[in-house]
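Summary of structural features
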Amino acid sequence: MPQLPEPGQVVRVRGAVWAVTDILEQGLSRSPADEGLASRPGLQHVVVLQSLEEDRLGEELQVVWELEVGHSVVPDQGLPRTIDADGFDDPDTLGAYIDAARWGAVTSADASEFQAPFRSGARLEPYQLEPLRRALDQPRVNLLLADDVGLGKTIEAGLVIEELLLRHRARSVIIVCPPSLSIKWHDEMLEKFGLDFQIVDSAKLAETRRKFGLTANPFRLYPRVIVSMAWLPGVRAQRLLRPVYQQANAAAGPVTARRFGFDVLVVDEAHHVAPAAPTGTGKGRGYAVDSQRTLAVRELAAHCEHRLFLSATPHNGYDESFTALLEMVDSRRFARGAEPDPKALSDVMVRRLKTDILRADEGSGDHHPFQPRSVAPLEYAPDPVETERFEQLETWLKQSARQRGAKSLGIGELLLEKRFLSSPYALGRTLAAYGNARATGAAWDEHDGYFTEVLGIGQSDEEEGLESQPEFTMLRRAKAADPLAAAPAGAVEELKTWALGQQGRANGKLECLTEYLDRVCRSGKRWTGERVVVFTEYADTLIWIKEWLESQGYGPRLAVIQGSTSAEDRELIRARFQAPPDEEKVRVLLATDAAGEGVDLQAHCHRLVNFDIPFNPARLEQRAGRIDRYGQMETPEIYYLSPEAVA
């Protein structure tokens, strides 16, 4: 039996290090009937412990010392041998200590003296300090970081987090982000700021309970956590958060400052948690509907003292959704549906474009962190048979619309054309699924449906390549009106057979892409060190391109990111693509818009090809931001496939 510790000693209990704060002796002697009396005579003791672990600092635990297993008293280390009571410290050592104490005292009291930039491992630009300056000017940090894609919002948020921690204005931090970005946030915070976050999900919950007991709650155990937007609204996450909220509500009185469940909340890609765009009601525009994700983040924000929301596209075109997002950021200044005060909005939102940064650096002679973007077409000769097929489809769609009394093509017709323009194979796959789908017959408002689904404002990147994504839902709804009603009997089936038969074959558009990749990535039989990112909107088109390029010898040089790619595989592919070309042989990355957010690809790549064009321009900007971002040393080259002009 290890010796009984004394108050002030350090012990190791249950795999963690604790300080002994108190010892309570058993009040009554045990009876002879107590089990093990002969082997463990004497009184038992309750030892009160306080955690010294960084992730559990200050947490208390009470154990019966005689009943614990695997515990020990940590030997006293004593004072450093270099200390001499009769001697003097080295002047340099003493000076460094005095400077550190003085600087720490000054920066903790002066909001204009930053600590985080000097303690981070990130290469910083002056413009990235603006959010930090605003945060320190506010008694409670409420900021919407809406900088352009690639300006480094993650770094800006990390600076604010570290500064609040250093000034002891915060201790606990929770980051909410899309599932695909959880690993990236963890690595960025650890590598650039030395902050170790725990990614809380079902696997982490099981691991925590195996280690700390069945009642362990990771939201109360770890001071810094990362949660995905997909997992947060779930029953398991809400069950874990409920005691955190209850504790904060119980402590909300004037006698305590512990009124919040978490000190800092960071929401990345915050436009995904804004309410969906209003739907039509037949009598006018409807009311924006809160998703489960919106409700979960709103409740979480109400229990967090400091709030940082990050999004390059915070406004989805609807003021109601935008003001609802602002209300989550600062409920005292903004209200859902109410026009925001311009002065209050300017205080809360930080919005800079790359062009603003470039203009600020012009004429100063200083190095600016961004290169002017180059945009150019890759022209190809359309395939005559494919052109004829498209014109045939367009004729059927227009005739069907006229039969319904419509003056223009509806959403269903536009989506069918859109998929044909992406690739014939994508159309064939769509017609096959469309033919088997059951028409829902649900009505929708033309304007709102077009804006939400065709422009893709409400579309989630995680849904790319799935039949349940909003576009296919809209096609099922359009089937009740049958946009292909004017097609002759058997013609649609024949078109589908032809389109599916294009698998493994290249049209003029794909041949143009292949020729461009050969020019850039190959020099005869030797591979160059150049890399290219190719974006397409549909997983079917991606599969078609991938199979063709593999047949052209690109197999080992290809990498793919789509909606079904797991977060771990996505991060591995990103790391391979960011590695030097002489270390990793991947040269071409094929991706859907699932890689359009939070994936940095600029280290050794400055060329991007849009194989097809989404109707939502924000998605185009998100794509370009993968290479046109902070750290890009070459001129970003953005290309798009365009048919040659017909004389």
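The following paragraphs examine the structure supplied in this document. (Residues numbered from 1 in each chain as written. Predicted model: local features only at pLDDT ≥ 70, side-chain atom pairs only at ≥ 80, totals over all residues. Heavy atoms only, no water.)

Here we take up the pattern of salt bridges. When the charged atoms of two side chains lie near each other, side chains of opposite charge can form a pair. Here the structure, examined in full by the defined rule, presents 34 salt bridges. Glutamate 584 serves as the salt-bridge partner of arginine 576, at 3.2 Å between the closest nitrogen and oxygen. Accessibility expressed as a relative area gives 25% for arginine 576, which makes it partly exposed. Through salt bridges with shared partners, a single network forms among Glu130, Arg133, Arg134 and Asp137. (Salt bridge = Lys/Arg side-chain N within 4 Å of Asp/Glu carboxyl O. Buried < 20%, exposed > 50% of the residue type's maximum accessible area, 1.4 Å probe, protein only.)

Our next topic: a nonpolar patch on the surface. Nonpolar side chains collect at one region of the surface, where Leu94, Tyr97 and Ile98 lie side by side and expose about 320 Å² of accessible area between them. Here leucine 94 shows up in helix H1 (residues 91-109). Classification of leucine 94 as partly exposed rests on a relative accessible area of 40%. (Patch = residues over 30% accessible without salt bridge, like charges linked within 9 Å, V, L, I, M, F, W, Y side chains within 5 Å. Areas by Shrake-Rupley, 256 points an atom, 1.4 Å probe, with all protein chains shown as cover. Helix = DSSP H or I, 4+ residues; strand = E, 2+ residues; numbered from the N terminus.)

Two modes of strand pairing occur in sheets, parallel and antiparallel, and in both the strands are linked by backbone hydrogen bonds. With respect to topology, six strands assemble into an open sheet ordered S13-S20-S19-S16-S18-S17, the strand pairing being parallel. Pairing within the sheet leaves two strands with one partner each, and these edge strands are strand S13 (374-380) and strand S17 (558-561). Within the sheet, the average angular offset between the axes of one strand and its neighbour, ignoring direction, is 25°. The sheet contact formed by strand S16 (residues 532-535) and strand S19 (residues 607-610) spans three bridges and is parallel. (Pairing = 2+ DSSP bridges. Axes fitted to C-alpha atoms, helices over the stretch in contact; angles between N-to-C directions.)

Here the focus is helix H21 (residues 567-578). The end-to-end C-alpha distance of H21 is 16 Å, a good match for the 16 Å that 12 residues give at a rise of 1.5 Å each. What H21 keeps buried is the set Arg570, Glu571, Ile573, Arg574, Phe577 and Gln578. Each buried residue of H21 lies within a common arc of 160° when the element is viewed along its axis, so the set occupies one face. Turned more than 90 degrees from where H21 packs its buried face, Glu568 and Leu572 sit exposed. Close packing links the buried residues of H21 with helix H5 (182-193), S16, S17 and strand S18 (588-591). (Expected span 1.5 Å × (residues − 1). Arc of directions from axis to C-beta. Contact = heavy atoms within 4.5 Å.)

Before going further, it helps to examine the packing of aromatic side chains. In this structure the tally under the stated criterion is six aromatic pairs. Measuring from ring centre to ring centre gives 6.2 Å for tryptophan 544 and phenylalanine 611, while their planes differ by 70°; the resulting arrangement is edge-to-face. Residue tryptophan 544 is located in helix H20 (residues 539-554), and its partner phenylalanine 611 is located in the loop between S19 and helix H22 (617-624); the two are separated by 67 residues in the primary sequence. Comparing tryptophan 544 with phenylalanine 611 shows no difference in burial state: the two are buried. Through pairs of rings, three or more aromatic residues link up here, namely Phe390, Phe420 and Trp498. Positioned over the ring face of phenylalanine 615 is lysine 418, at 5.0 Å from the centre of the ring. (Phe/Tyr/Trp six-rings, centres within 6.5 Å; stacked < 30°, edge-to-face > 60°. Lys NZ or Arg CZ within 6 Å of the ring centre and 35° of its normal.)

Turning next to the state of the cysteines. If you walk through the whole model with that rule in mind, you get zero disulfides. Here cysteine 605 stays free of any disulfide, with the sulfur of cysteine 521 as its closest cysteine sulfur at 8.6 Å. (Disulfide = S-S within 2.5 Å.)

So, on to the packing of helix H3 (residues 130-137) against helix H4 (residues 153-166). Relative orientation of the contacting elements H3 and H4 amounts to 35°, with a least axis distance of 8 Å. Both H3 and H4 take part in a crossing whose hand is right-handed. Where H3 abuts H4, its residues Pro131, Leu132, Ala135 and Leu136 lie against Glu156, Leu159, Val160 and Glu163. (Left-handed = near helix turned anticlockwise from the far one by under 90°.)

This part takes up the sheet that holds strand S10 (residues 262-267). Here seven strands make up an open sheet; going across it, the order is S8-S9-S7-S10-S11-S6-S12 and the pairing parallel. Each of the sheet's edge strands pairs with one partner strand only, and the pair in question is strand S8 (198-199) and strand S12 (349-350). Where S10 meets strand S11 (residues 304-310), five bridges bridge the pair, whose relative direction is parallel. Bridge assignment links valine 264 to a residue of S11, and that residue is histidine 306. Of the strands in this sheet, strand S6 (142-145) and S12 are in contact with H3, which crosses S6 at around 165°. Where H4 meets the sheet, its contacts fall on S6, strand S7 (173-177), strand S9 (224-228), S10 and S11, and the angle it forms with S11 comes to roughly 165°.

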